[in-house]
Amino acid sequence: MSASPTTADARKAVPLTEDVLAYVRDQAPPLSEVQRALVEQTLALGGVSEMQVPPEQGALLTLLARTAGARTAVEVGTFTGYSTLALATGVGPGGRVITCDVSDEWTAIARRAWEAAGVADRVQVELGPAADTLRGLPLDPVVDLVFIDADKAGYIEYWELLVPRVRPGGLILVDNVLYAGEAASPDAIGNAKAIRDFNAHVKADNRVESVLLTIADGLTIARKKS
């Protein structure tokens, strides 16, 4: 009896052991001194440090911003600014990253890192509820790239506020879309259910074409259709 497509595909899924993860990260560009210091400062915060994107995901954000030719990016969820730094590097001189967060304490760490990396002039921090900030953005579809990595219950609202503001061909990137694998369960609860509902919302949205990748805690990459 031949294997089902699901079984056959599963054979290609490599278990992410510590050795494999170390190898993957070794293939990414080496961290700059600023990035390394920011990782260490964030780890010192304790358990909340898990909110920082891993290095290979940061490298992907920079690569996607460059590939898309992004000049204007919007980020929902700054934390200590590692992903913002990645995006600011990707948009390049003259580009702009509008990043939303509610914590002055965490964004203060971020600001120091951006200054040290020489990209602070590309970053516009908006403190306060992200939905309020997004509603205040012009409705013109001029945003080239979006990265959503914030409170999971707010994902659908952020999506609906941002998709109309993204230009045709622009990218919408969304983090934690597997939620440690819990979102795959039909019995998901709490944040995992919020993510599962969000994933269904994206899949049904005919304004975009999208794919869910297993990088880190799951990353959705969507492209707005023309």
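Look above for the structure.
Residues numbered from 1 in each chain as written. Predicted model: local features only at pLDDT ≥ 70, side-chain atom pairs only at ≥ 80, totals over all residues. Heavy atoms only, no water.

K.L.:
Go over the overall build of the protein chain, please, and point to the residues and values.
P.N.:
Each helix and strand in the protein chain was counted, giving nine helices and seven strands. Over its C-alpha trace the protein chain gives a radius of gyration of 18 Å, about what one expects of a compact globule, namely 17 Å for 226 residues. By principal-axis analysis of the C-alpha atoms, the protein chain measures approximately 60 × 40 × 35 Å. Residue burial in the protein chain is summarised as follows: out of 226 residues, 46% are buried. Sequence separation of 24 or more characterises 70% of the internal contacts of the protein chain that already satisfy a separation of 6 or more. Within the structure as shown, the protein chain displays about 11,700 Å² of accessible surface, and the carbon and sulfur contribution to it stands at 56%. A gap of 8 Å separates the mean positions of the 21 positive and 29 negative side-chain charges of the protein chain. (Helix = DSSP H or I, 4+ residues; strand = E, 2+ residues; numbered from the N terminus. Rg over C-alpha atoms; globule rule 2.2 N^0.38 Å. Buried < 20%, exposed > 50% of the residue type's maximum accessible area, 1.4 Å probe, protein only. Contact = heavy atoms within 4.5 Å. Areas by Shrake-Rupley, 256 points an atom, 1.4 Å probe, with all protein chains shown as cover. Lys, Arg positive; Asp, Glu negative; His and termini not counted. Charge placed at Lys NZ, Arg CZ, Asp CG, Glu CD.)

K.L.:
Let's hear about the side chain of Thr99: which residues, and what values?
P.N.:
Mapped onto the elements, Thr99 comes out in strand S2 (residues 96-101). Judged by its relative accessible area of 0%, Thr99 falls in the buried class. At a separation of 2.5 Å, a polar atom in the side chain of Thr99 contacts the side chain of Glu75. Among the polar contacts listed, one links the side chain of Thr99 to the side chain of Thr78, at a separation of 2.6 Å. Once residues within four sequence positions are removed from consideration, Thr99 is found in contact with Glu75, Thr78, Thr84, Trp114, Val123, Gln124, Val125 and Glu126. (Polar contact = N/O pair within 3.5 Å; in protein donor to acceptor, adjacent residues only side chain to side chain.)

K.L.:
Tell me about a nonpolar patch on the surface, and name the residues and values.
P.N.:
There is a patch of nonpolar side chains on the surface, built from Leu45, Val48 and Met51 and spanning about 200 Å² of accessible area. Taking relative accessible area as the criterion, Val48 reaches 32% and is therefore assigned partly exposed. (Patch = residues over 30% accessible without salt bridge, like charges linked within 9 Å, V, L, I, M, F, W, Y side chains within 5 Å. Salt bridge = Lys/Arg side-chain N within 4 Å of Asp/Glu carboxyl O.)

K.L.:
Summarise the packing of aromatic side chains; cite the residues concerned and give the values.
P.N.:
Scanning the entire structure with this criterion turns up three aromatic pairs. Taken together, a centroid distance of 4.9 Å and an interplanar angle of 85° make the contact between Phe79 and Trp106 edge-to-face. Residue Phe79 is located in the loop between strand S1 (72-76) and helix H5 (82-91), and its partner Trp106 is located in helix H6 (residues 104-117); the two are separated by 27 residues in the primary sequence. Relative to Phe198, the ring of Tyr155 has its centre 5.3 Å away and its plane inclined at 80°; by these criteria the two rings are edge-to-face. One end of the pair, Tyr155, is in helix H8 (residues 155-162); the other, Phe198, is in helix H9 (residues 190-203), and 43 residues separate them in sequence. (Phe/Tyr/Trp six-rings, centres within 6.5 Å; stacked < 30°, edge-to-face > 60°.)

K.L.:
An account of the sheet that holds S2 is requested, with residue identities and associated values reported.
P.N.:
Strand order in the open sheet made by the seven strands is S3-S2-S1-S4-S5-S7-S6, with mixed pairing throughout. Two strands bound the open sheet, and with one partner strand each, they are strand S3 (123-127) and strand S6 (208-213). Each neighbouring strand pair of the sheet contributes to a mean axis angle of 15°, computed without reference to strand direction. Note that S2 and S3 share five bridges and pair parallel. Bridging across to S3, Cys100 finds its partner in Glu126. Contacting strand S5 (166-175), S6 and strand S7 (219-224), H9 runs over the sheet at an angle of about 140° to S6. (Pairing = 2+ DSSP bridges. Axes fitted to C-alpha atoms, helices over the stretch in contact; angles between N-to-C directions.)

K.L.:
For the environment of Gly128, give the residues involved together with the corresponding values.
P.N.:
Residue position: Gly128 is located in the loop between S3 and helix H7 (130-135). If we ignore the near neighbours within four places in the chain, the residues touching Gly128 are Asp101 and Val102.

K.L.:
Before we move on, can you summarise the pairing of S1 with the specific residues and values?
P.N.:
Counting buried positions over the five residues of S1 gives five, a clear majority of the element. Every second residue of S1 is oriented toward a common face, with Thr72, Val74 and Val76 on one face and Ala73 and Glu75 on the other, all of them buried. Bridging between S1 and S2 involves five bridges; their strand directions are parallel. Within S2, the position partnered with Ala73 by the bridge is Val97. Tracing the backbone out of S1, into H5 and back to the parallel element S2 gives a crossover that is right-handed. Note that S1 and strand S4 (residues 143-148) share four bridges and pair parallel. (Right-handed = clockwise from strand over helix to strand, strands pointing away.)

K.L.:
Could you give an account of the pattern of salt bridges, naming the residues involved and the relevant values?
P.N.:
Throughout the structure, instances matching the rule amount to nine salt bridges. Glu157 is the salt-bridge partner of Arg135, the closest N and O atoms lying 2.5 Å from each other. Remark: Glu157 occurs in helix H8 and Arg135 occurs in helix H7; sequence separation between them is 22 residues. A residue is classified by how much of its surface remains accessible, and Arg135, at 44% relative accessible area, is partly exposed. In this structure Glu157 comes out as partly exposed when scored by relative accessible area, which is 36%.

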